[in-house]
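Coordinate analysis (summary)
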Amino acid sequence: MLALSPADQLLYTPAEAATVLRFGRSTVYELMAEGALKYVKRGRSRRIRRSDLEAFVNALEPQPS
């Protein structure tokens, strides 16, 4: 199997997305459940598109200092 760097992946498991986002896995599942983070489902598997991860991060509002 070809090993891809995280930046080259098209789909991420929730655990992989948590690593990339530097969030906990539970937080990623919560974001998915509330609709803040889009995902695709195939059978019982959930995957998050790289473009949806990028859109989520770009939509985050910085907190005032």
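Each remark here, short or long, concerns the structure printed above.
In this report, the structure presented in the accompanying data block is examined.

Each value, and the rule that gives it
- Residues numbered from 1 in each chain as written.
- Predicted model: local features only at pLDDT ≥ 70, side-chain atom pairs only at ≥ 80, totals over all residues.
- Heavy atoms only, no water.
- Helix = DSSP H or I, 4+ residues; strand = E, 2+ residues; numbered from the N terminus.
- Buried < 20%, exposed > 50% of the residue type's maximum accessible area, 1.4 Å probe, protein only.
- Contact = heavy atoms within 4.5 Å.
- Areas by Shrake-Rupley, 256 points an atom, 1.4 Å probe, with all protein chains shown as cover.
- Core = buried A, V, L, I, M, F, W, Y, C linked by side-chain atoms within 4.5 Å.
- Arc of directions from axis to C-beta.
- Pairing = 2+ DSSP bridges.
- Axes fitted to C-alpha atoms, helices over the stretch in contact; angles between N-to-C directions.

Regarding the overall build of the protein chain
Broken down by element type, the protein chain carries 3 helices and 3 strands. Helices and strands in the protein chain line up, N terminus first, as β-α-α-β-β-α. In the protein chain, buried positions account for 22% of the 65 residues. Taking all contacts inside the protein chain whose residues are at least 6 apart in sequence as the whole, residues at least 24 apart take part in 43%. Looking at the protein chain as shown, the accessible area adds up to about 5200 Å², and 52% of this sits on carbon and sulfur atoms.

A short note on the environment of Y29
Mapped onto the elements, Y29 comes out in helix α2 (residues 25-33). Spatially, the C-alpha atoms of Y29 and A17 are 10.0 Å apart, while their sequence positions differ by 12 residues.

Side note on the nonpolar core
Within the largest apolar cluster, 11 residues are counted, these being Y12, A17, A18, L21, V28, L31, M32, L37, I48, L53 and F56. Listing elements by their share of this core, those giving two or more residues are α1 (14-21), α2 and α3 (50-59). Those residues within four positions of L31 in sequence are excluded, and the remaining contacts are F23, A36, L37 and F56.

Observations concerning α2
For α2, the complete set of buried residues consists of V28, L31 and M32. The arc that holds the buried residues of α2, viewed along the axis, is 100 degrees, so those residues lie on one side. Turned more than 90 degrees away from the buried face of α2, the exposed residues are S26 and A33. The inward-facing, buried residues of α2 abut α1, β3 (45-49) and α3. The first or second residue beyond α2 is G35, which carries a positive phi of 85 degrees.

Looking at the sheet that holds strand β2 (residues 40-42)
Sheet architecture is open: 3 strands sit in the order β1-β3-β2, paired in antiparallel fashion. Sheet topology places β1 (11-12) and β2 at the edges, where each strand pairs with a single neighbour. Here 2 bridges tie β1 to β3, and the two strands are oriented antiparallel to one another. Its bridge partner being in β3, Y12 is matched across the sheet by I48. Of the strands in this sheet, β1 and β3 are in contact with α3, which crosses β3 at around 60 degrees.

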